[in-house]
Amino acid sequence: PYSFDRYEEVSRALYQIMGEATSALQPVSCDEAFLDVTGLGDPNLIANEVRAKFSAATNCNVSAGIGATMLLARLATRKAKPNGVYHLKKSDFLAFAKGMPVTDLPGVGWHLAKKIVALLGAEPGAEPTVDDLRTIGIEVLKKQFGEKTGAMLFNFARGMDTRRLEPAKPRRTVSCEINWGSGFRRSSNGTSSRAT
């Protein structure tokens, strides 16, 4: 059974502990965030300190991926699971990504992978790799997928990521949706009329 109260409690604890490590924090979900710890010390020590504090506070495990970019950190986190730390350096990316399916790259789902297969002229259903993606020029990728996605694919295939951390901003407004109980009623002749 779902335990939403417990999820919220654990999520708050995680964000509290991460916030103590650095104020440069970009939330991704209730249990995932990017942290910029540049200049704050050894990132491996910081990651292990966050993990130890979180485990002591909640009895839950956490994995940490370390990288100079958001892409490298995200890929390193996958490698760190379950309950570990992995540091992926830019110089190690090509060896790390050898044979890696393109769907392991952030933002590349099965639909985009299918289009990459077609672009490569591979058999339908083939699983393209990051190595395959690297064989396609940036102009071809931009023409096929648009400026933004084409550039992203080209860069990610080479371990490059120009995105910058966007720390969470305090909420200034709260939105609210009200349903006034309006609906439609179908008449016997098949037309609709508003009912309130």
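As shown above, the structure is provided for reference.
All figures in this text were calculated on a predicted structure; none of them were measured in a lab.

Caption draft 1: Structural view of the packing of aromatic side chains. Across all of its chains, the model carries three aromatic pairs by this definition. Note on Y2 and F4: the rings are 5.5 Å apart at their centroids and 20° apart in plane angle, and the pair reads as stacked. For the ring pair F4 and Y7, a centre distance of 5.8 Å and an interplane angle of 85° mean the geometry is edge-to-face. With F4 and Y7 both in helix α1 (residues 4–21) and three residues apart, the pair spans about one turn of that helix. Of the residues examined, F4 reaches a relative accessible area of 58% and is grouped as exposed. Feature note: the residues Y2, F4 and Y7 constitute an aromatic cluster, connected by ring pairs. Between the NZ or CZ atom of K79 and the centre of the ring of Y86, over which it lies, the distance is 5.9 Å. Directly above the ring of F154 sits R158, whose terminal nitrogen or CZ lies 3.6 Å from the centroid.

Caption draft 2: Region of interest: unusual backbone geometry. Geometrically, the link from K81 to P82 is a cis peptide bond, its omega value of 0° lying close to zero. By secondary structure assignment, the location of P82 is in the loop between α3 (70–80) and β4 (85–87). Not every positive phi belongs to a glycine, and N59 is a case in point at roughly 65°. Assignment of secondary structure puts N59 in the loop between α2 (43–58) and β3 (64–66). Its relative accessible area of 70% is what places N59 among the exposed residues. One non-glycine residue, N83, lies in the positive phi region at around 60°. With respect to the helices and strands, the residue N83 is situated in the loop between α3 and β4.

Here is what the cut-offs are and how they apply
Residues numbered from 1 in each chain as written. Predicted model: local features only at pLDDT ≥ 70, side-chain atom pairs only at ≥ 80, totals over all residues. Heavy atoms only, no water. Phe/Tyr/Trp six-rings, centres within 6.5 Å; stacked < 30°, edge-to-face > 60°. Helix = DSSP H or I, 4+ residues; strand = E, 2+ residues; numbered from the N terminus. Buried < 20%, exposed > 50% of the residue type's maximum accessible area, 1.4 Å probe, protein only. Lys NZ or Arg CZ within 6 Å of the ring centre and 35° of its normal.

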